Amino acid sequence: MTIMVVETMTHMAEANRSACSANSVAHRPTSGAMMPDITPSREEWIAGGNRRSLPGFPHVVFVRHDGPSTGVPVTLLHGFPTSSHDWAAVVPQLVGAGFRVTTAEFVGFGESDKPYPHAYSILEQADLVEAVWEVDGHDTTAVVAHDYAVSVAQELLARTPDRVTCMTWLNGGIWPDLHHPSPEQKLLAGPAGAELAEQLDEEKFIQMIRWRRSGTVECQAVSKPFRMTPYSVGVSQHV
């Protein structure tokens, strides 16, 4: 099995390009021709998948499949705080190379259930991915994980290493003792986290991200994922 680790310092809107250039599972065409921009909108992306109940998993999750059913399986796992649409620019290229691409949205993200109150965990997200694999009948698959999903992917690798043919980690944590959480992250993870999160509006969110990235992030790139995160009675409610 091959593991590729790629550290990117670009913001989430650039994750697609990073994943494409770091792709360890797709043997891209060597003709040198540039592929046209056929990235689907968020609405088109959602229409191409569905919310599914998975055997043995307590929540309804959004799952999407692209490419021929006989293609080599590839699973793409998104980061925080976005959704599977992070991979929208990558999927057409993988499909063009003949792969069977599975994308799913973790509990609390995108179109998947957002239970509240709920003890969200990496272990539960790994359960979700395994449930998708079981339903799809994937005995083996390549995995590409970005950001938050890198921790999920490591849990999957520890559980069923024989199932993962190769794995790519993008901009995620590998050694916990080297993690240095920001002051905001420490506050959000503490007892006052829920109250602070309720006070975080779109403007404050953009300011926080732009400050941490030295003002290099376009406002639109940050506001888009923020608008995909609200919940109402545990169900996605897009603004």
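In this text the structure is predicted, and so the values were computed from the model without any measurement.

### Some thoughts on the nonpolar core
Phase 1: Of all hydrophobic cores here, the largest spans 26 residues; its most connected members are Leu-77, Leu-128 and Val-129.
Phase 2: Broken down by secondary-structure element, the contributors of at least two residues to this core are strand E3 (60-66), helix H4 (122-136), strand E6 (141-146), helix H5 (148-159) and strand E7 (164-170).
Phase 3: Among all residues touching Leu-77, those that are not within four sequence positions of it are Trp-87, Phe-106, Val-129, Val-143, Val-144, Ala-145, His-146, Ala-149 and Leu-156.
Phase 4: Listed in part, the 15 residues of the second largest apolar core include Phe-99, Ala-142, Val-144 and Leu-170.

### Examining the pattern of salt bridges
Phase 1: The tally for this structure, following the rule as stated, stands at nine salt bridges.
Phase 2: We note a salt bridge from Glu-105 to Arg-42, for which the minimum N-O separation is 3.0 Å. With Glu-105 in the loop between strand E5 (100-104) and H4 and Arg-42 in helix H2 (residues 42-47), this pair connects stretches of sequence that are 63 residues apart. Considered together, Glu-105 and Arg-42 belong to a single accessibility category, that of buried residues.
Phase 3: With its nearest N and O atoms 2.9 Å apart, the salt bridge here joins Asp-113 to Arg-51. Of this pair, Asp-113 sits in the loop between E5 and H4 while Arg-51 sits in strand E2 (residues 49-53), and the two are 62 residues apart along the sequence.
Phase 4: When its relative accessible area of 36% is taken as the criterion, Arg-51 is described as partly exposed.
Phase 5: What emerges from the salt-bridge pattern is a single network uniting Asp-127, Glu-130, Glu-155 and Arg-159.

Criteria and thresholds
- Residues numbered from 1 in each chain as written.
- Predicted model: local features only at pLDDT ≥ 70, side-chain atom pairs only at ≥ 80, totals over all residues.
- Heavy atoms only, no water.
- Core = buried A, V, L, I, M, F, W, Y, C linked by side-chain atoms within 4.5 Å.
- Buried < 20%, exposed > 50% of the residue type's maximum accessible area, 1.4 Å probe, protein only.
- Helix = DSSP H or I, 4+ residues; strand = E, 2+ residues; numbered from the N terminus.
- Contact = heavy atoms within 4.5 Å.
- Salt bridge = Lys/Arg side-chain N within 4 Å of Asp/Glu carboxyl O.

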